[in-house]
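Chains, contacts and geometry: an overview
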Amino acid sequence: MDVTNPFVILCYGDSNTWGYNPNKEESKCNFRFQRNIRWTGILESILNEWLRSQEREGREVMWKSQPVTCFRIEEAGLNGRTIESNDPTVAPEPSVRNGRAHVLAAMQTCKPIDLMVVSLGTNDLKRTFDLALHEIAASARRLLDYITEYGSLCTRDRVLTLPVMYMTPGGFAKGGKLM
């Protein structure tokens, strides 16, 4: 596979992005799913299979007037990461899981980035933070504004956010309503 001009996707998120495996019997690697099982690894595989299919049909995939030679997913997931809350239960440094505090470092590490996927908000639902859904949404907006304003040297074009889904006693909820 030619990797001279990769389309780089930075996936910035929490344990879902990191690939946390809660099953101790299955997990052989620090409670982490293997790369080919994590959603980020599956996404990379699917995108590269699609790219190869385009090449077999004689089609060239272009981005910013350059041919895309492969898709590369950069994972920046951390268990317990929040959008912008410091976690007082994490000693000795409560800010270590604050997504906003560390996003620019992740972007600098992976640049240049063609697309950034932000998947945060689930841990902000912890009772420790006592945040309402509209407060979490406002935090997400502030994070995206921050990325847009200060991360422009790293991100070439787009930021995509994934919706937060959380479990309630009655089932999954989205936007404060049971589904």
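This one's a predicted model, so the numbers in the text were calculated from it and none came from an experiment.

Rules used in this analysis
- Residues numbered from 1 in each chain as written.
- Predicted model: local features only at pLDDT ≥ 70, side-chain atom pairs only at ≥ 80, totals over all residues.
- Heavy atoms only, no water.
- Core = buried A, V, L, I, M, F, W, Y, C linked by side-chain atoms within 4.5 Å.
- Buried < 20%, exposed > 50% of the residue type's maximum accessible area, 1.4 Å probe, protein only.
- Helix = DSSP H or I, 4+ residues; strand = E, 2+ residues; numbered from the N terminus.
- pLDDT = per-residue confidence, 0-100.
- Contact = heavy atoms within 4.5 Å.
- Expected span 1.5 Å × (residues − 1).
- Phe/Tyr/Trp six-rings, centres within 6.5 Å; stacked < 30°, edge-to-face > 60°.
- Lys NZ or Arg CZ within 6 Å of the ring centre and 35° of its normal.
- Pairing = 2+ DSSP bridges.

**Topic: the nonpolar core**
If you look at the biggest cluster of nonpolar residues, it comprises 17 residues, and the most contacted ones within it are Val103, Met116 and Ile147. Broken down by secondary-structure element, the contributors of at least two residues to this core are strand E1 (6–13), helix H3 (99–110), strand E5 (113–119) and helix H4 (133–150). Looking at this core element by element, the count peaks at five residues for H4. Counting 11 residues, the second largest nonpolar core, distinct from the first, contains Phe7, Ile9, Leu47 and Leu115.

**Notes on the confidence of the model for the protein**
Per-residue confidence for the protein gives a mean pLDDT of 84, with 83% of residues at or over 70. Scored below 50 in pLDDT, residues 170–179 makes 21 contacts in the model with residues more than four places away or belonging to other chains.

**Concerning helix H2 (residues 39–56)**
Helix length check: H2 (18 residues) gives 26 Å between terminal C-alpha atoms against 26 Å at 1.5 Å per residue, within 8%. Three or more residues of H2 are buried, namely Thr40, Gly41, Glu44, Leu47, Asn48, Leu51, Ser53 and Gln54. Looking at the buried residues of H2, the elements they touch are E1, helix H1 (15–18) and strand E4 (70–77). Where H2 ends, the next residue or the one after it, Gly58, has phi of about 80 degrees, a positive value.

**Side note on the packing of aromatic side chains**
Tallying each qualifying case throughout the model produces four aromatic pairs. Their ring planes at 55 degrees and their centres at 5.2 Å tell us that Tyr146 and Tyr150 sit as a pair that is tilted. Separated by four residues within a single helix, Tyr146 and Tyr150 lie in helix H4, roughly one turn from each other. The class of Tyr150 is partly exposed, set by a relative accessible area of 47%. Through a chain of ring-to-ring contacts, the aromatic side chains of Phe7, Trp50, Trp63 and Phe71 assemble into a single cluster. The residue whose ring lies beneath Arg100 is Tyr146, and the NZ or CZ to ring-centre distance is 4.4 Å.

**Here's the deal with the pairing of E5**
The element E5 is extensively covered by neighbouring structure, given that seven of its seven residues are classed as buried. Where E1 meets E5, five bridges bridge the pair, whose relative direction is parallel. Along E5, the bridge assignment pairs Cys11 with Val117.

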